[in-house]
Amino acid sequence: MQIDLYIVLGSAVVGLLVGMTGAGGGALMTPMLILLFSVKPSAAISSDLVAAVLMRPVGAAVHMRRGTVHGGLLRWMVLGSVPMAFLGAYLLHLVGNTKSTEATVEQILGTALLAGAGAMVLRYYMDSREGQRRTAQVHEIIAKPLPTLAIGMIGGLIVGMTSVGAGSLMIVLLLFLYPMIGAKQLVGTDLSQAVPLSLAAAAGALIFGHVDFGVTTSLVLGSVPAVLVGSLLSSSAPDHYLRPVITFVIFASGLKYVGVGTTELGWILAATLAVSLGVWLVAVRPLRRADEQRRKLTVPEAPT
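Residues numbered from 1 in each chain as written. Predicted model: local features only at pLDDT ≥ 70, side-chain atom pairs only at ≥ 80, totals over all residues. Heavy atoms only, no water.

Novice: Looking at this structure, I do not really get the overall build of the protein. What am I missing?
Specialist: Summing up its helical and strand segments, the protein has 11 helices and 0 strands in all. Secondary structure of the protein in N-to-C order comes out as α-α-α-α-α-α-α-α-α-α-α. Here the protein holds 304 residues, and the buried ones make up 46% of them. The long-range fraction of contacts in the protein, counting pairs at least 24 apart against all pairs at least 6 apart in sequence, stands at 83%. Entry remark: accessible area of the protein is about 15,100 Å², with carbon and sulfur atoms responsible for 70%. (Helix = DSSP H or I, 4+ residues; strand = E, 2+ residues; numbered from the N terminus. Buried < 20%, exposed > 50% of the residue type's maximum accessible area, 1.4 Å probe, protein only. Contact = heavy atoms within 4.5 Å. Areas by Shrake-Rupley, 256 points an atom, 1.4 Å probe, with all protein chains shown as cover.)

As structure tokens, this is what we get:
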């Protein structure tokens, strides 16, 4: 069993993003192993699934300790996702043409994620214009059982049929079902609901997959400490810093699933970061300063 220091470093970057956003693990880790480190696809998928068993519980534990996990949402999502993950695997077995079915599902998932990322940008812009802050605390969010159950079912079905994480899609759906939820509660709940799914998927990978324990160990060494750091940041970071990072990771995941090549993906993400920085400097930052000035003017002075 050989440790690859480059895989350790790469998995640390992905782990940091997963800890900060709750998304991107399945979309980024496996392609990194295949495209950058020439790991066989079957070994990359199986090794990533096993490493996630240790990675995601670390992030979930941080958020649970800090009270940023909504128990009601978590229960309904897990109730829907775990059985549907097994059903998805069974449906894939019935269909038979694995590669074709996975490609179709991933195309649909990628399109949905790109649309969701665009909608999140629009909502973020409108909130900035209106001075609205979506930072409800855990106890202020009332769970909607049936829609939340449906979100878990959709995510679990995708995991079962494609062996990829559906955290990005679940985050988008949760944001629109619970528009006032704070970003840290969103990340904490999503990381926590992924734990039982990761356990089920890892069990299948160990039994039926091709786990490379050298790759798995390298992933664990890099990703687990990074997820811890990312979770500590996401459980305490202000909402207006965390939401753009979540949106960016969901956007990157969507591009990957619709089949954008590695080189093109790198250029698109670099250009997106540059444009986003320009928009923030020209439009968002002045709006935020104007909002802060209005707040100061409307706050009555303390009596002397």
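Once you've had a look at it, read on.
Novice: Sorry, what's going on with the nonpolar core here?
Specialist: Within soluble globular proteins, side chains that are nonpolar tend to cluster in buried spots. Counting 45 residues, the largest nonpolar core has Leu33, Leu219, Ile246 and Ile250 as the members making the most contacts within it. Counting residues per element, this core draws most heavily on helix α7 (residues 167–177), which supplies 7 residues. If we ignore the near neighbours within four places in the chain, the residues touching Ile246 are Thr21, Met120, Ile171, Ala183, Leu186 and Val187. (Core = buried A, V, L, I, M, F, W, Y, C linked by side-chain atoms within 4.5 Å.)

Novice: What should I look at first to understand helix α9 (residues 213–234) in this one?
Specialist: An α-helix turns once every 3.6 residues. As a result, residues three or four positions apart point the same way. With 22 residues, α9 should cover 32 Å at 1.5 Å per step; its first-to-last C-alpha distance of 30 Å lies within 8% of that length. Along α9, the sharpest kink reaches roughly 25°, centred on Ser223 and followed within four residues by the proline Pro225. (Expected span 1.5 Å × (residues − 1). Bend = angle between axes of the 7 residues up to and from the residue.)

Novice: Whenever I open this one, the packing of helix α1 (residues 5–21) against α9 confuses me. Can you help?
Specialist: Two quantities define a packed helix pair, namely the angle between the helix axes and the distance between the axes. Closest axis-to-axis distance for the α1/α9 pair is 6 Å, and the angle between their directions is 35°. The handedness of the crossing between α1 and α9 is right-handed. Split into classes, the residues belonging to the contact of α1 with α9 amount to 12 nonpolar, 9 polar and no charged. (Axes fitted to C-alpha atoms, helices over the stretch in contact; angles between N-to-C directions. Left-handed = near helix turned anticlockwise from the far one by under 90°. Nonpolar A, V, L, I, M, F, W, Y, C, P; charged D, E, K, R; others polar.)

Novice: Explain α1 here, please?
Specialist: Helix length check: α1, at 17 residues, gives a terminal C-alpha distance of 24 Å against a target of 24 Å (1.5 Å per residue), a fit within 8%. All of the buried residues along α1 are Ile7, Val8, Gly10, Ser11, Val14, Gly15, Val18, Gly19, Met20 and Thr21. Capping of α1 at its N-terminal end is provided by Asp4; its side-chain oxygen lies 2.9 Å from the backbone amide nitrogen of Tyr6. A positive phi of about 75° marks Gly22, the residue just after α1. (Polar contact = N/O pair within 3.5 Å; in protein donor to acceptor, adjacent residues only side chain to side chain.)

Novice: When you look at the confidence of the model for the protein in this model, what are you seeing that I'm missing?
Specialist: For any part of a model where pLDDT is low, the fine detail of the predicted coordinates should not be relied upon. Taken as a whole, the protein shows an average pLDDT of 78; of its residues, 76% reach a score of 70 or greater. Mean pLDDT across the elements of the protein ranges from a minimum in helix α5 (residues 98–130), with 70, to a maximum in α9, with 89. (pLDDT = per-residue confidence, 0-100.)

Novice: Quick question: what am I supposed to make of unusual backbone geometry here?
Specialist: Excluding glycine, residues mostly carry a negative phi; peptide bonds, for their part, are mostly trans. Even without glycine at this site, Ser38 takes up a positive phi of about 55°. The exposure class of Ser38 is exposed, given its relative accessible area of 66%.

Novice: Would you mind going over the packing of α1 against helix α10 (residues 239–257) with me for this structure?
Specialist: Two elements in contact, α1 and α10, have axes whose closest approach is 9 Å; the angle formed by their N-to-C orientations is 125°. As summarised for this structure, α1 and α10 are arranged oblique, according to the angle between their axes. Seen from above, α1 lies across α10 with left-handed handedness. Together, Leu17, Met20 and Thr21 of α1 and Leu242, Val245, Ile246 and Val249 of α10 make up the contact between the two elements. Tallied by class, residues from the contact of α1 with α10 come to 6 nonpolar, 1 polar and no charged. (Parallel < 35°, antiparallel > 145°, perpendicular 65-115°, else oblique.)

Novice: Before we go on, may I ask you to explain the environment of Lys256 in this structure?
Specialist: Along the chain, Lys256 falls in helix α10. Between the alpha carbons of Lys256 and Gln107 there is a distance of 9.3 Å; along the sequence they are 149 residues apart.

Novice: What should I look at first to understand the side chain of His70 in this one?
Specialist: Residue placement: His70 occurs in the loop between α3 (41–65) and α4 (71–95). The class of His70 is buried, set by a relative accessible area of 9%. Within polar-contact distance, the side chain of His70 engages the backbone nitrogen of Gly72 at 3.2 Å. One polar contact links the side chain of His70 to the main-chain carbonyl oxygen of Ile141, over a distance of 2.7 Å.

Novice: Help me understand the environment of Ser218 in this model?
Specialist: Residue placement: Ser218 occurs in helix α9. Given a relative accessible area of 1%, Ser218 falls into the buried group. The spatial distance from the C-alpha of Ser218 to the C-alpha of Ser11 is 7.9 Å, given a sequence separation of 207 residues. Sequence-distant contacts of Ser218, that is, excluding residues within four places in its chain, are made with Gln2, Ile3, Asp4, Ile7, Val8 and Ser11. A distance of 2.9 Å separates a polar side-chain atom of Ser218 from the backbone oxygen of Gly214.

Novice: Can you walk me through a nonpolar patch on the surface in this structure?
Specialist: On the surface, Leu87, Tyr90, Leu91 and Leu94 cluster together into a nonpolar patch covering about 360 Å² of accessible area. Looking at the element boundaries, Leu91 is found in helix α4. Judged by relative accessible area, which is 31%, Leu91 ranks as partly exposed. (Patch = residues over 30% accessible without salt bridge, like charges linked within 9 Å, V, L, I, M, F, W, Y side chains within 5 Å. Salt bridge = Lys/Arg side-chain N within 4 Å of Asp/Glu carboxyl O.)

Novice: What's the story with the side chain of Thr189 in this structure? I'm lost.
Specialist: In this structure, Thr189 sits in helix α8 (residues 183–208). Classification of Thr189 by relative accessible area gives buried; the value is 1%. For Thr189, the side chain forms a polar contact with the main-chain nitrogen of His70, separated by 3.1 Å. Among the polar contacts made by the side chain of Thr189, one reaches the main-chain carbonyl oxygen of Gln185 at a distance of 2.8 Å.

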